[in-house]
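Breakdown of the fold
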Amino acid sequence: MATKTRYWPQVLATLGILIFGLLLWKGPWWFDGAHLRRTNLQPADGVVITGFRTVLVAVGVAASAAVGLLYTHRNHQTARELLDHTREKDREQAELTREGQVTDRYVEAIKLLAAKDEGRHGSGLMERLGGIYALERIMRDSAKDHDTVVQVLVAFIRQQVPRPNEEEEDRRNSDDLAPVKDDVQAALKVLGRRPNREDDFLLDLSFLDLCSYDLAGAQLAGANLCDTQLAFADLREANLRGAELGGAGLHRAKTEKADLRNADLSGEREQTSMTVEQFLAARTGLGTIVPKDLGDDPRVQELMERRIHRQNS
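Read on for a plain summary of the structure. Computed from a predicted structure; not experimentally measured.

The rules behind these values
- Residues numbered from 1 in each chain as written.
- Predicted model: local features only at pLDDT ≥ 70, side-chain atom pairs only at ≥ 80, totals over all residues.
- Heavy atoms only, no water.
- Helix = DSSP H or I, 4+ residues; strand = E, 2+ residues; numbered from the N terminus.
- Buried < 20%, exposed > 50% of the residue type's maximum accessible area, 1.4 Å probe, protein only.
- Contact = heavy atoms within 4.5 Å.
- 1 Å grid on protein atoms, 1.4 Å probe; cavity = no way out; pocket = protein on both sides within 12 Å on 5 of 7 lines; lining within 4 Å.
- Points joined across faces, edges and corners; volume = space filled by probe spheres on them.
- Nonpolar A, V, L, I, M, F, W, Y, C, P; charged D, E, K, R; others polar.
- Polar contact = N/O pair within 3.5 Å; in protein donor to acceptor, adjacent residues only side chain to side chain.
- Core = buried A, V, L, I, M, F, W, Y, C linked by side-chain atoms within 4.5 Å.
- Patch = residues over 30% accessible without salt bridge, like charges linked within 9 Å, V, L, I, M, F, W, Y side chains within 5 Å.
- Areas by Shrake-Rupley, 256 points an atom, 1.4 Å probe, with all protein chains shown as cover.
- Salt bridge = Lys/Arg side-chain N within 4 Å of Asp/Glu carboxyl O.
- Axes fitted to C-alpha atoms, helices over the stretch in contact; angles between N-to-C directions.
- Parallel < 35°, antiparallel > 145°, perpendicular 65-115°, else oblique.
- Left-handed = near helix turned anticlockwise from the far one by under 90°.

Attention now goes to the overall build of the chain. A tally of helices and strands in the chain yields nine helices and zero strands. Tracing the chain from N to C terminus, the helices and strands come up as α-α-α-α-α-α-α-α-α. Considering the chain as a whole, with its 313 residues, one finds that 33% of them fall into the buried category. Put simply, of all contacts in the chain between residues at least 6 apart along the chain, 45% involve residues at least 24 apart.

Here you go:
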């Protein structure tokens, strides 16, 4: 079927040439035969014949030009379609190549992140730091891998600094804190400055031991920090809007300008939980859920009343 279709233009062109030749030869008599002699032609007959053939040639030239333009347009359109198809294939190939490169980088970063400390000097630390920053680069370069990298970093933090059980916490003095781990600190910093994309999952940092860690300015809106120890942690200017902080230990944590609007602080407030001074130093709002004894404090009540009055005025 395709072969037959390919020969149709040639057949039509041949027929067109034959018809045009016949018109040049016999056309004057076909269209004006009543007034033209077939033999012994006179000058008047010659004028009519010449005029007809001149017009016919002009029409033929115009038709040939139109056909040429049509074929030129079709060839141009075909060339554009071919070019677009080639570009699409090149783009797909480049995307596959890029994804392959990202996968290779991801595998290498995970290998570095899983490095163990060997010997007295703990040489695995530098490899883990390299893996963390390699994952950050992947997260920034590839929006598709954003959630995966975040989940890997959260899993790494959970593995490294789980909250001690009650027996260990009872033995430990409130100021006797575990040393800050450089790799965990780096992972927290990477999470805190991750690109501003919508996460498809809850950032779960609950039941961890993050005492003395630097979370200043971290973007942790909506995160789950329930029952996480944050004693002596630096939370200044951290975005904790809408975060879950019930039962979190905040003994001597720095909360200046921390955004706690719509955050939930309603867990049981123990000795290490938020004080009135910490609450007043942070950015809070009417949507902030506070424990009962903290909400009963006159200074907190006065702050809330001022906000209610400002909202209603």
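Now, onward.
With that settled, consider the layout of surface pockets. Reported here for the second largest pocket is a volume of approximately 260 Å³. In terms of lining residues, the second largest pocket is bounded by Ala13, Gly16, Ile17, Phe20, Ala63, Ser64 and Val67. Among the elements of the structure, α1 (2–32) and α2 (43–113) are those that each provide at least two residues to the lining of the second largest pocket. No other element matches the four residues that α1 contributes to the lining of the second largest pocket. Of the residues assigned to the lining of the second largest pocket, the class counts are five nonpolar, two polar and no charged.

With a phi close to 60 degrees, Asp227 is a non-glycine residue in the positive phi region. By the secondary structure assignment, Asp227 is in the loop between α6 (182–192) and α7 (276–281). On the accessibility criterion, Asp227 (26% relative accessible area) is partly exposed. At Asn262, a position not held by glycine, the phi torsion is positive, near 65 degrees. Of the residues examined, Asn262 reaches a relative accessible area of 44% and is grouped as partly exposed.

In terms of burial, α6 is a largely internal element, nine of the 11 residues being buried. Of the positions making up α6, those classed as buried are Asp183, Val184, Gln185, Ala186, Ala187, Leu188, Val190, Leu191 and Gly192. On its buried face, α6 sits against α3 (124–141) and α4 (146–160).

With respect to the helices and strands, Thr86 occurs in helix α2. The exposure class of Thr86 is partly exposed, given its relative accessible area of 35%. At a separation of 2.8 Å, a polar atom in the side chain of Thr86 contacts the main-chain carbonyl oxygen of Leu82.

With 54 residues, the main nonpolar core has Ile157 and Leu230 as its most contacted residues. Elements represented by at least two residues in this core include exactly α2, α3, α4, α6, α7 and α9 (298–312). Leaving out residues up to four positions away in the same chain, Ile157 has contacts with Val184, Ala187, Leu188, Leu191, Leu208 and Leu210.

Now for a nonpolar patch on the surface. Taken together, Tyr7, Trp8, Val11, Leu12, Leu15, Leu18 and Ile19 make up a surface patch of nonpolar side chains, about 720 Å² in accessible area. One can find Leu12 in helix α1. A residue is classified by how much of its surface remains accessible, and Leu12, at 53% relative accessible area, is exposed.

Turning our eyes to something else, we now look at the environment of Arg241. In this fold, Arg241 is placed in the loop between α6 and α7. What makes Arg241 partly exposed here is its relative accessible area of 38%. For Arg241 and Ala258, which are 17 residues apart along the polypeptide, the C-alpha to C-alpha distance reads 8.7 Å. Among all residues touching Arg241, those that are not within four sequence positions of it are Ala221, Gly222, Asp259, Arg261 and Asn262.

Attention now moves to the pattern of salt bridges. Applying the stated criterion across every chain yields a total of 16 salt bridges. Across the pair Glu88 and Arg91 runs a salt bridge, and its minimum N-O distance is 2.8 Å. Placement of the pair is Glu88 and Arg91 together in helix α2, with a separation of three residues, close to one helical turn. Classification of Arg91 by relative accessible area gives partly exposed; the value is 47%. For the salt bridge of Arg306 with Glu302, the shortest nitrogen-to-oxygen distance reads 3.5 Å. Of this pair, Arg306 and Glu302 both sit in helix α9, four residues apart, which is roughly one turn of the helix. On the basis of relative accessibility, which here comes to 46%, the residue Glu302 falls in the partly exposed class. Here the salt bridges share partners, and the residues they tie into one network are Arg105, Arg137 and Asp141.

Right, let's get into the packing of α3 against α4. Where α3 contacts α4, the axes come no closer than 9 Å and their chain directions differ by 155 degrees. By the angle class used here, α3 and α4 are roughly antiparallel. α4 is crossed by α3, and the crossing has left-handed handedness. From α3, Arg128, Ile132, Leu135, Ile138 and Met139 reach across to α4, where they touch His146, Val149, Val150, Val152, Leu153 and Phe156. Tallied by class, residues from the contact of α3 with α4 come to nine nonpolar, one polar and one charged.

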